Amino acid sequence: IVINKRTFKKMLMEIRRIEAGDEAGITKLVLEVYKEASFATTFEKEPNPEDINSIVKEKLWMVASGDAADYVAVESGELIGECEAIKDGSTGKVGILVAKGHRKKGIGSTLLRKCEEDARKIGITKLVAEIASINSAAISFFVGFGFAIKGEGYPKAGAINVVRAEKEIAKG
């Protein structure tokens, strides 16, 4: 059960580590969020389901080997959110997706907290997020979690400008 801090309503939702079988749900989520062009900083062109499936399989291996923290949110059997921290030395590159109809309900916050907790356990001491510079909601979200904006307006994924947000975290 997740409590929405704004409305104090209980939501029946499972927050858990990514697992085999999540490929189709994550693929659907990525394709849905990709349609919001302002949010797409990972892919230079529209991703295809086979590529996403391969990425998910790689993430499963990375989580199992201690090179990533990755959590998903599932509601009524539908995968509606994902947060990852991919380890690169002591830095974790954070990515977070929440389905459009499920935002502003505390899902992203819960996912990020769980991901940060696991990131500490695998030796990550700094989290980094690259956010589309026109995505003010995501920038505010990360700043609200203690991330500091370190870089602004550099190009990535074609013509999209991104800002870099960073947060130092203590080892767990």
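Residues numbered from 1 in each chain as written. Predicted model: local features only at pLDDT ≥ 70, side-chain atom pairs only at ≥ 80, totals over all residues. Heavy atoms only, no water.

Brief notes about helix α3 (residues 107–121)
- A rise of 1.5 Å per residue sets the reference length of α3, with its 15 residues, at 21 Å; its end C-alpha atoms lie 22 Å apart and thus fit the reference within 8%.
- Listed in full, the buried residues belonging to α3 are I107, G108, S109, T110, L111, L112, C115, E116, D118 and A119. (Helix = DSSP H or I, 4+ residues; strand = E, 2+ residues; numbered from the N terminus. Expected span 1.5 Å × (residues − 1). Buried < 20%, exposed > 50% of the residue type's maximum accessible area, 1.4 Å probe, protein only.)

What about the pattern of salt bridges?
- Across all of its chains, the model carries 15 salt bridges by this definition.
- Ionic pairing is found between K114 and E117, a salt bridge with its closest N-O pair at 3.8 Å. Taken together, the residues span about one helical turn, with K114 and E117 both in helix α3 at a distance of three residues.
- The class of E117 is partly exposed, set by a relative accessible area of 35%. (Salt bridge = Lys/Arg side-chain N within 4 Å of Asp/Glu carboxyl O.)

Things to note about the packing of aromatic side chains
- This model, assessed by the stated rule, comprises three aromatic pairs.
- The interplanar angle of 85° and the centroid separation of 5.3 Å between the aromatic rings of F141 and F142 together place this pair among those described as edge-to-face.
- Classification of F141 by relative accessible area gives partly exposed; the value is 22%.
- The exposure class of F142 is buried, given its relative accessible area of 4%.
- A ring pair is formed by F142 and F147, whose centres lie 5.0 Å apart and whose planes are at 75°; its orientation type is edge-to-face. By the burial criterion, F142 is buried, and F147 matches it.
- Among the aromatic residues, those joined into a ring-pair cluster are F141, F142, F145 and F147. (Phe/Tyr/Trp six-rings, centres within 6.5 Å; stacked < 30°, edge-to-face > 60°.)

A closer look at helix α1 (residues 23–34)
- Relative to the 16 Å expected for 12 residues at 1.5 Å per residue, α1 spans 16 Å between its end C-alpha atoms, a close match to the ideal helical length.
- Along α1, the residues that are buried comprise E23, G25, I26, T27, L29, V30, V33 and Y34.
- Looking at the packing, one finds that the buried side of α1 touches α2 (49–64), β4 (68–75), β5 (78–88) and β6 (91–98). (Contact = heavy atoms within 4.5 Å.)

Focus on the pairing of β5
- The sheet contact formed by β4 and β5 spans eight bridges and is antiparallel. Note on β5: the bridge partner recorded for V74 is L79.
- Where β4 folds back onto β5 in an antiparallel hairpin, the turn is made up of two residues, including S76, whose phi is positive at roughly 50°.
- As defined by bridge partners, β5 adjoins β6 across eight bridges and the pair is classed as antiparallel. When the bridges of β6 are listed, A85 appears paired with V94.
- The loop that links β5 with its antiparallel partner β6 comprises two residues; one of these, G89, has a positive phi angle of about 70°. (Pairing = 2+ DSSP bridges.)

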